[in-house]
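In case you want the letters, here they are:
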Amino acid sequence: MIEFHLETHSGVAPYLQIVQQVKQALRLGLLEVGDQLPTVREVVTQITINPNTVLKAYRELEHEGLVVSRPGQGTFVQRTLAGAGLASHAALRRSLVRWLISAREAGLEEESILALFLSTFQDIGKKEETA
Amino acid sequence: MIWLAWRQHRAESFIMLGVLVLLAVFLTMTGLNMAHTFQQLGLSACLANGHRDCSELEDAFQNQVRALSSAIIWLNLCPVLLGLLVGAPLIAREVEQGTHRLAWTQSVTRLRWLVVKLSLVLLTGFLASGVLMALLIWWYGPLNQVQARFAPIAFDFQGPVLIGTTLLALTLGIAAGALVRRTVLAMALTLVLFLAIRVPVELWLRPHYQPPIVATWALSASGPQVDSADDWIISNGWMDAQGNQTTNLSCSSTQNLQQCIQGLGYRANFLIYQPADRFWTFQWIETGIYLAFSALALILAVWLVRRRLT
Amino acid sequence: MSPALETTHLSKRYGRTWALQECELSLPAGRVAALVGPNGAGKTTFLHLAVGLLQPTTGTIQVFGQHPSTQPQEILPRIGFVAQDHPLYRGFTGEDMLTLGQKLNPRFDDRLARARMQKLGIPLQRRCGKLSGGQQAQVALVLALAKRPDLLLLDEPLASLDPLARREFLRTLMAAVVETGLTVLLSSHIIGDLERVCDYLIILSASHVQLAGDIQDVLRAHKRLIGPRQDAAALASVHTVVETSHTQRQTTLLVCTNGPIFDTSWEVQEVSLEDIVLAYLGKQVTGGLQTSPGAPEPNGMEVVQ
């Protein structure tokens, strides 16, 4: 059974943290198709959190097609996120190496590369949220 | 709600019961003692035989029980203490400690809360003072034969007036508590208000519930048939030709009394008194006065709790 | 569904001072709402008005459609209240407090109360005055919850509690919310604890309701705009500027947006809930803002002046 935790001051909305932790568990194989997510009551007992937040997170996951809620029974995993396949990993890795070489040639230092990557990553993340 | 009122005043009730028991024991013991002395001196036999002059025995008796008959005045503290210790904190402590925010937000209205508490406290006060009154009437038995029960201290104890003063003290305390919302301040206010009513009523109003009988007679003549052991002698003395009255004489004991009196210009005796048959009328009038004030205090308390308190 | 709590032009005066002025609020049922404001802002006054301990000077306050101070018999059984410093009768034992609850409340669930007290490890035979602060707060909460209220009002419930006691208190509260779906309104002058537990925010400052709305809507609507130093009049005509600060080169605005920001000279950032609250508390306004879900504007914002 997955256990949630909440970072109060992380700047990430509580319901998103739940969503992310479920997705992480799916990726790592801790949750498999057919597993039941903890009930709202169980989550509220584990971490002191507003039950509506849990409901919202589960609805979001259902909207993304990852889980399905069966009335009277609970919420169950429907689809897994485990890896898009090694092949796409290898292709992504190669384009990443090419990008890093370009960045080095442009004169960026390690920290600048990291800063550029993180800020772009976060911007994209926010655009996805508000979409 | 009745449970809550009882539970909150449980300790108080036991203390009051204890004090009442102690008083009962004290009164019983001293009362029996007094009655015994009364018998022993032959005073009861003397008075039973209507013709003899018992004044010597009466004086002897009064001397023997003087300490007791004057100490009994302290029982006037009972209503006051009840008002201070039970009445004043009733609402004041609840608000002072903030527990009214708990008591008034359950499912019981403020009015019901107040009515139940008031009923419990006033009923207990009524019963306790009633018991005390009954004991005192019995206790005063022998004394009533030698002094008027109509006279000030005895009057306070031997009828519904005792219940009236008790209820007055309680209701004044409760109203004071609702007004100032602090226990100690409420106690002080209760004392002030109680005395402000009690003292004028006893000293200045009581002699005039019904117009007192004023008798004047010439120095040589004999006065009205008044029994100092029954009727309430308010004042007596001498009067001069102009109508000026005095109760003191500046005569030395060696002089001839009659000559001295006439020498000072006094021509007549006067006597202001209330006859004994008015005793119960006066009791009920005075009780009515105290109950009227009590009712006003209660109305004020209820109004304050319902409308003004936070 | 009718709102759990609704106020119209609610005002309360003590002598010459106005504790609350023209407060408009509509709290939907089922929310866990935080009433935030500085000390002395009128939070306690507001809660006391809601539970019928006070009467409004002008305006009305209604709980599930009833007036608490004039119709106490109807509405008091449905409201649970824990006052500031969680008052209990210090000479009463826990057992006595439960009896009090049972005698004074028709819907009191004694079995539930005992089960909760046992789970929390609170000895029923000890006098309440001898319990720790955290335990007293829990007893007061258990008492209020066992009444099976539809609306629970808590006045600064966490103020005198240590962090562990705070967490325990909120856990008990959340468990009750899950089980019964009751509406909760709790006041606090610290916002940190409340973010994970509350989904509705009411900001009370300078005796007015400055902001009221779902926390998600509030977070979505408020943005921080950073740009070159300028007078933000054009922006202010479309959106509501909550806070402005200028340096020599830069202007920073905290804005409640009324639609997207089209001016690309501004860098747009998210704002934390704490910063939003602080901005409103520092504001000098006589009006207020309210977010109402389902309103026609894209962000669901409604300016209440």
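Since we're looking at a predicted model, the values are computed, not measured.

Chemist: Quick question: what am I supposed to make of the overall build of chain A here?
Modeler: Looking only at helices and strands, one finds five helices and two strands in chain A. Computed over its C-alpha atoms, the radius of gyration of chain A comes to 18 Å, more than 25% above the 14 Å expected for a compact globule of 131 residues. Its C-alpha atoms give chain A principal-axis dimensions of roughly 60 × 35 × 25 Å. When each of the 131 residues of chain A is scored for burial, the buried share is 21%.

Chemist: How should the environment of His-5 of chain A be read in this particular structure?
Modeler: Residues and elements named next belong to chain A. Mapped onto the elements of the fold, His-5 is located in the segment before α1 (14-27). Residue classification places His-5 among the exposed residues on the basis of 9 C-beta atoms within 10 Å. Between the C-alpha atom of His-5 and that of Thr-48, which follows or precedes it by 43 residues, the distance is 9.4 Å.

Chemist: Explain the domain arrangement of chain A here, please?
Modeler: The parts lose accessible area when they come together, and the size of an interface is often stated as this lost area. Under the domain assignment, chain A is made up of domain 1 (14-77) and domain 2 (86-130). One C-alpha centre belongs to domain 1 of chain A, the other to domain 2 of chain A; they are set 30 Å apart.

Chemist: Help me understand the interface of chain A and chain C, please; the structure alone is not making it clear to me.
Modeler: Contacts between the two partners involve 14 residues from chain A and, on the opposite side, 15 residues from chain C. Residue assignment for the side of chain A that touches chain C shows that the elements contributing at least two residues are α2 (40-46) and α3 (51-63) of chain A. Per-element accounting of the side of chain A that touches chain C gives the leading share, four residues, to α2 of chain A. Residues of the side of chain A that touches chain C, tallied by class, amount to six nonpolar, seven polar and one charged.

Chemist: Could you clarify how one ought to interpret the sheet that holds strand β1 (residues 5-14) of chain C in this entry?
Modeler: Remark on secondary structure: sheet strands pair via backbone hydrogen bonds, oriented parallel or antiparallel. Residue and element names in this part refer to chain C. Judged by pairing direction, the sheet is antiparallel, and its three strands sit side by side in the order β2-β1-β4 without closing on themselves. A strand with exactly one partner marks an edge of an open sheet, and here the two such strands are β2 (17-27) and β4 (58-63). The sheet shows a mean angle of 25° between the axes of neighbouring strands, direction not considered. As defined by bridge partners, β1 adjoins β4 across five bridges and the pair is classed as antiparallel. Across the sheet, Glu-6 pairs through a bridge with Gln-62, a residue of β4. Contacting β1, β2 and β4, helix α1 (residues 43-50) runs over the sheet at an angle of about 120° to β1.

Chemist: Looking at this structure, I do not really get the confidence of the model for chain C. What am I missing?
Modeler: Interpretation of the predicted coordinates at a detailed level should be avoided for regions scoring low in pLDDT. Overall, the prediction assigns chain C a mean pLDDT of 85, with 93% of residues at 70 or greater. In this model, residues 285-305 of chain C is a region of pLDDT below 50 whose contacts with residues beyond four sequence positions or in other chains number 49 contacts.

What counts and what doesn't
- Counting restarts for each chain, with residues numbered from 1 along the sequence as it is written.
- Chain letters and ligand numbers both follow the written order, the letters beginning at A and the numbers at 1.
- Totals for whole chains, interfaces and linings use all residues, but because this is a predicted model, local features are given only for residues with pLDDT of at least 70 and pairs of side-chain atoms are given and counted only at 80 or more.
- A helix here means a DSSP run of H or I that spans at least four residues, while a strand means a run of E at least two residues long, and both kinds are numbered starting from the N terminus.
- The atom set for the radius of gyration is the C-alpha atoms, and the globule formula is 2.2 Å times the number of residues raised to the power 0.38.
- Counting other C-beta atoms within 10 Å of a residue's own tells you its class, since 20 or more makes it buried, 12 or fewer makes it exposed, and anything in between is partly exposed; those C-beta atoms are placed from the backbone.
- Domain start and stop points were drawn from an automatic or database domain assignment.
- Distance between backbone-placed C-beta atoms decides contact: two residues are in contact if it is within 7 Å.
- Each residue receives one of three labels: charged for Asp, Glu, Lys and Arg, nonpolar for Ala, Val, Leu, Ile, Met, Phe, Trp, Tyr, Cys and Pro, and polar for the others, Gly being one of them.
- Note: two strands are recorded as paired if DSSP finds a minimum of 2 bridges between them.
- For every element, the axis is a line fit to its C-alpha atoms; helices are fit only across the contacting stretch, and the angle between N-to-C directions ranges from 0 to 180 degrees.
- Per-residue confidence from the predictor is reported as pLDDT, a score between 0 and 100.

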